Amino acid sequence: MSHQPTPEMPGRMRERLDELRRDYERGRRQLQNLLREEAATREGLLRVSGAIQVLEEMLPRDTPAADRAARTGSAADAVPAADTVPGTDAVPSGARPEAPAMSVP
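Residues numbered from 1 in each chain as written. Predicted model: local features only at pLDDT ≥ 70, side-chain atom pairs only at ≥ 80, totals over all residues. Heavy atoms only, no water.

Caption draft 1: Representation of the confidence of the model for the protein chain. Of all residues in the protein chain, 57% have pLDDT values of 70 or greater, and the mean over the chain is 76. Counting contacts from residues 90-97, a segment whose pLDDT is below 50, to residues more than four positions away or on other chains yields 15 contacts. (pLDDT = per-residue confidence, 0-100. Contact = heavy atoms within 4.5 Å.)

Caption draft 2: Molecular detail of the pattern of salt bridges. Per the counting criterion, the structure on display carries six salt bridges. Residues E19 and R16 are paired through a salt bridge, measuring 3.3 Å at the closest nitrogen-oxygen approach. Placement of both E19 and R16 in helix α1 (residues 9-58) is noted, with a separation of three residues, approximately one turn of the helix. E25 is the salt-bridge partner of R29, the closest N and O atoms lying 3.7 Å from each other. Taken together, the positions of R29 and E25, both in helix α1 and four residues apart, correspond to about one turn of that helix. For R29, a relative accessible area of 41% translates into the label partly exposed. Members of the salt-bridge network, linked through shared partners, are E25, R28 and R29. (Salt bridge = Lys/Arg side-chain N within 4 Å of Asp/Glu carboxyl O. Helix = DSSP H or I, 4+ residues; strand = E, 2+ residues; numbered from the N terminus. Buried < 20%, exposed > 50% of the residue type's maximum accessible area, 1.4 Å probe, protein only.)

If you want it as structure tokens, here you go:
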């Protein structure tokens, strides 16, 4: 079954090409937005992780560490490593980002 080109084919092909280029650009912009959102979410998780770590360290020493971790969750688990998210490489495989240093008055 062979298809014979018709006079209107080049025009339809250009329209389809334009449509595909618009779709591609729309997808590229959406991906950029998602990557920015991911970075902002990771930054927020890192701040919360640091706050959890500070508060855990400030709890009285007579509170068992296992009890503290059970109530608040482990600060190390607050920020997933980048290797657990496809397409990210901000953190080397197996490494956890350090919580920011916070001064306590």
